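Spelled out from the first residue to the last, the chains are:
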Amino acid sequence: MRPGCSSPCTDPALTPSLPSLLTLLLPRSRNIHIVPLLVGSISTASEKRFGALLAPYLADPSTLFIVSSDFCHWGQRFRYTHYHPPGSDDVRDGVTLSAGNFDATVERGGGEMWEGIDKLDRLGMDAIAFSLSPSSTSSSSSAASPSAAAKKGPSAAHDQFAAYLAATRNTICGRHPIGVLLGALAALERGEGGGASERGMRCEWVRYEQSSRVTSLGDSSVSYASGFVAVGGGEA
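The rules behind these values
- Residues numbered from 1 in each chain as written.
- Predicted model: local features only at pLDDT ≥ 70, side-chain atom pairs only at ≥ 80, totals over all residues.
- Heavy atoms only, no water.
- Helix = DSSP H or I, 4+ residues; strand = E, 2+ residues; numbered from the N terminus.
- Buried < 20%, exposed > 50% of the residue type's maximum accessible area, 1.4 Å probe, protein only.
- Contact = heavy atoms within 4.5 Å.
- Areas by Shrake-Rupley, 256 points an atom, 1.4 Å probe, with all protein chains shown as cover.
- Polar contact = N/O pair within 3.5 Å; in protein donor to acceptor, adjacent residues only side chain to side chain.
- Core = buried A, V, L, I, M, F, W, Y, C linked by side-chain atoms within 4.5 Å.
- Phe/Tyr/Trp six-rings, centres within 6.5 Å; stacked < 30°, edge-to-face > 60°.
- Lys NZ or Arg CZ within 6 Å of the ring centre and 35° of its normal.

1. Digging into the overall build of the protein chain
Link 1 in the chain: Counting its secondary structure elements, the protein chain contains six helices and seven strands.
Link 2 in the chain: Looking at the protein chain as a whole, 44% of its 236 residues are labelled buried.
Link 3 in the chain: For the protein chain, long-range pairs separated by at least 24 residues make up 65% of all intrachain contacts whose partners lie at least 6 apart in sequence.
Link 4 in the chain: Counting every atom, the protein chain has about 12200 Å² of accessible surface; 52% of that belongs to carbon and sulfur.

Okay, here's the thing in structure tokens:
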């Protein structure tokens, strides 16, 4: 959910999700309680603190957490025209585009503008993804995307995602709810709230799309990514 909504029913994150959730869950059980959580613009330290409070619920296999977020909102109407060279893995390599530098920068970057957005988003997905084997602080994994997930746990993922956001300012509208989720997972990694680190956990991405393929400064697009977190072999 986002701050400033007069009612939970008008929130664009919650409202579209409820029909699908009810369709999926009600045939399994009528005893379902949905608890919307509002996460505003908070610091990384606050994400970790609130995440630790939610960790015991995340460790409970009867509780399902759903985080709703788009990824990059690109275009002048979003006041975000960041370009990242498609061939670069360094989050510091991006530059803000304007009418004066658009053509030369994109040509020099070696790919179309939409490919730069794709790379920018996937670097963020790379930061969030992780894999933690049972009774371990790191592991190897066949995570679908990205491969760097195999080399860190959720605590490192949270710090890496925060650094990514500081460098790119990517307009991921649910970045703070994602941070709270990573904070909760990091607490479990430390053995708090249920000792899930002994059972292992992972975060993987399964799909990525863009609403349109940007080729000019006047274009705009919104990116979408779908992923899941599994704790101790179950999804959360």
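2. A few points about the environment of Ser-43
Link 1 in the chain: Along the polypeptide, Ser-43 turns up in the loop between α1 (17-25) and α2 (44-59).
Link 2 in the chain: Relative accessible area serves as the criterion here: at 37%, Ser-43 is assigned to the partly exposed category.
Link 3 in the chain: Residues Ser-43 and Ala-162, spaced 119 residues apart in sequence, show a C-alpha to C-alpha distance of 9.4 Å.
Link 4 in the chain: There is a polar contact of 3.1 Å between the side chain of Ser-43 and the backbone nitrogen of Ser-46.

3. Observations regarding the nonpolar core
Link 1 in the chain: Trp-74, Met-113, Phe-161 and Leu-185 are the most contacted members of the largest nonpolar core, which has 42 residues in total.
Link 2 in the chain: The residues touching Leu-185, leaving out its near neighbours within four places in the chain, are Leu-58, Phe-130, Pro-154, Met-201, Val-229 and Val-231.

4. Considerations on the packing of aromatic side chains
Link 1 in the chain: Scanning the entire structure with this criterion turns up two aromatic pairs.
Link 2 in the chain: Seen in terms of ring centroids, Phe-71 and Trp-205 are 5.6 Å apart; in terms of plane orientation they differ by 90°. Their pairing is edge-to-face. Note that Phe-71 is positioned in the loop between α2 and β1 (73-74) and Trp-205 in strand β5 (residues 201-210), a separation of 134 residues in sequence.
Link 3 in the chain: Under the relative-accessibility criterion, Phe-71 is labelled buried at 2%.
Link 4 in the chain: Looking at Arg-49, its charged tip hangs above the ring of Phe-50, at a distance of 5.4 Å from the centre.
Link 5 in the chain: Here the guanidinium or amino end of Arg-213 rests over the ring plane of Trp-114, the centre of that ring lying 3.8 Å away.

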